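Single-letter residue listing:
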Amino acid sequence: MPPTTLHTEVNGDAALVARAQSGDPNAFEELIGRYERKVFRLARNITNNEHDAEDVLQETFLKAYSHLDGFQGNSKFYTWLVRIAVNEALMKLRKRKSDKTVSMDEGIDTGEETMVREIAVWDDDPEQRYSQEELKAILQDAVQNLRPAFRTVFVLRDIEELSTEETARLLDLSIPAVKSRLLRARLQLRERLTRLFKRKGDDVFAYM
Amino acid sequence: MSLLTCKDFLHALNEYLDETQDAELRQEVEKHVNECPNCWVVFDTTRKTLKVFKGMEPQVIPPEVHGRLMERLQKKMAQRQKPAP
Ligand SMILES: [Zn+2]
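Residues numbered from 1 in each chain as written. Chains lettered and ligands numbered in written order. Predicted model: local features only at pLDDT ≥ 70, side-chain atom pairs only at ≥ 80, totals over all residues. Heavy atoms only, no water.

Caption draft 1: Spatial organisation of the overall build of chain B. Assigned secondary structure in chain B consists of 4 helices and 0 strands. Relative to the globule expectation of 12 Å for 85 residues, the C-alpha radius of gyration of chain B, 25 Å, shows a markedly less compact shape. Overall size of chain B, expressed as C-alpha extent along the three principal axes, is 80 × 30 × 15 Å. Within the span of chain B, comprising 85 residues, buried residues form 40% of the whole. Contacts in chain B between residues far apart in sequence, at least 24 positions, make up 59% of those at least 6 positions apart. Approximately 5300 Å² of chain B is accessible, and the part contributed by carbon and sulfur atoms is 54%. For chain B, the distance from the average position of its 13 positive side-chain charges to the average position of its 13 negative side-chain charges is 16 Å. (Helix = DSSP H or I, 4+ residues; strand = E, 2+ residues; numbered from the N terminus. Rg over C-alpha atoms; globule rule 2.2 N^0.38 Å. Buried < 20%, exposed > 50% of the residue type's maximum accessible area, 1.4 Å probe, protein only. Contact = heavy atoms within 4.5 Å. Areas by Shrake-Rupley, 256 points an atom, 1.4 Å probe, with all protein chains shown as cover. Lys, Arg positive; Asp, Glu negative; His and termini not counted. Charge placed at Lys NZ, Arg CZ, Asp CG, Glu CD.)

Caption draft 2: Here's a closer look at the interface of chain A and chain B. Listed as interface residues are 52 residues of chain A and, on the opposing side, 40 residues of chain B. Summed over both partners, the interface of chain A with chain B buries about 4700 Å², with 64% contributed by carbon and sulfur atoms. Area buried by chain A at its contact with chain B is led by Arg37(A), Tyr65(A) and Arg186(A), which between them contribute 15% of it. Our count for the chain A to chain B interface comes out at 15 residue pairs in polar contact (both at pLDDT 80 or more). Elements supplying a minimum of two residues to the side of chain A that touches chain B: α2 (25-47), α3 (50-66), α5 (132-144), α6 (148-159) and α8 (175-197) of chain A. Top contributing element to the side of chain A that touches chain B by residue count: α2(A), with 10 residues. A class-by-class count of the residues in the side of chain A that touches chain B yields 27 nonpolar, 6 polar and 19 charged. (Buried area = accessible area lost by both parts, 1.4 Å probe. Polar contact = N/O pair within 3.5 Å; in protein donor to acceptor, adjacent residues only side chain to side chain. Nonpolar A, V, L, I, M, F, W, Y, C, P; charged D, E, K, R; others polar.)

Caption draft 3: How the structure looks around the packing of aromatic side chains. Residue and element names in this part refer to chain A. The tally for this structure, following the rule as stated, stands at 11 aromatic pairs over all chains. For the pair phenylalanine 28 and phenylalanine 61, a centre-to-centre distance of 6.5 Å together with 80° between the ring planes defines the contact as edge-to-face. Within this pair, whereas phenylalanine 28 is found in helix α2, its partner phenylalanine 61 is found in helix α3, the two being separated by 33 residues in sequence. Given the relative accessible area of 1%, phenylalanine 28 is considered buried. Centroid distance tyrosine 130 to phenylalanine 197: 5.9 Å. Interplanar angle 50°. Geometry classified as tilted. (Phe/Tyr/Trp six-rings, centres within 6.5 Å; stacked < 30°, edge-to-face > 60°.)

Caption draft 4: Spotlight on the side chain of Glu54(A). In this fold, Glu54(A) is placed in helix α3. Residues contacting Glu54(A), with those up to four places away along its chain left out, are Phe40(A), Val65(B) and Arg68(B).

Caption draft 5: Representation of the environment of Thr194(A) within the structure. Residue and element names in this part refer to chain A. As for its placement among the helices and strands, threonine 194 is situated in helix α8. Exposure remark for threonine 194: the relative accessible area of 0% places this residue in the buried category. Sequence separation between threonine 194 and threonine 60 is 134 residues; the distance between their C-alpha atoms is 35 Å.

Caption draft 6: Spotlight on the nonpolar core. Core analysis: the largest hydrophobic core is formed by 86 residues, its most contacted members being Phe28(A), Phe61(A), Phe77(A), Phe154(A), Phe9(B) and Phe53(B). When residues of this core are assigned to domains, at least three map to each of domain 1 (3-95) and domain 2 (108-199) of chain A. The contact partners of Phe77(A), leaving out residues within four places of it in the chain, are Asp13(A), Val17(A), Leu31(A), Tyr35(A), Leu68(A) and Phe71(A). (Core = buried A, V, L, I, M, F, W, Y, C linked by side-chain atoms within 4.5 Å. Domains from an automatic or database assignment.)

This is the structure:
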C-alpha cells in the first residue's frame, strides 16, 4: 500500500462527502468524527462561551448536512465547513453585543500602540514545564483574553490558517485592518506568554 | 546599517511571519534583528508564540457534547429519509 499523502487525505474527504451526498449516514458521521474537535475549538475561541460554542457546533453540522447537496467539491470540505462555523460563531458573538467586552470594532484601527513591554528571552522549551493539558489551558486562556476584534482575526489566521483575504471576507474587514489586528493580537499574546515562559532574571525594560 | 526603525520592524515582522515573498523585506528584517538585540528578542519570542499555537491539537470534545450533537443530527436524518407525503 502506498504511504498516506496529503492528497489521499483530501480524497478521503471527497469520497466521504460523495457517499454522504448519496445518503449514507455513516459517511457523514465519519466527517463529524474528523472535524468536530476543530469546529468546537473554533467556536469556543470565537464566542468565548461554552454554551454558545456547543450551539455553534450543532448548527454548523446541521447546516452542513442540509446543504450538502450544494457543496460542489471545488473547495476542501473543511474550508467549506469553517465558513459555516465562522458565520454561526459571529452571529452568536454579535447577539451578545450588549455585553461590553464584545465590541467588535470600536476605535481599534486607530492609534499607534507598539504593544511591546516585556523583552525577555524564553527558556529553552518552556512548554516542557507544563503538561499538554496545562499548556492547552494556558493558550486558550491567552486567546480568550484578547478583545474580540483581535481574537477573531488571530483565530482565523493563525489557528485555522485561513488566508488574509479569506479572513477579511469572512469578517467583513479590509486587508490592512486584518493585518493590523493580527499584528496586535500576536504581540499581545507574545507579551502574555513571555510573562510565563521567560528565563528568570533576564528582564530588560526600557524599549522604544 | 539596517534601514528599518524599531517601529518599522514590528510591521515588517508581521509580513515576515506570514512568509512574504518580498525578499528585500525579509532581508531587512533579518538585518535589523542582527543589529538590534531588543528586536531580536521580540522576533524570536513572537515566532515561538506562533509555533506553540500552531503545534496545539484541539482538545477532545466532551462526550456529552458529542452525544447531543449526534442526537440532533439523527433527528434531522430521520426527517430527511421520511418519504414525501
Ligand atoms: Zn530594533
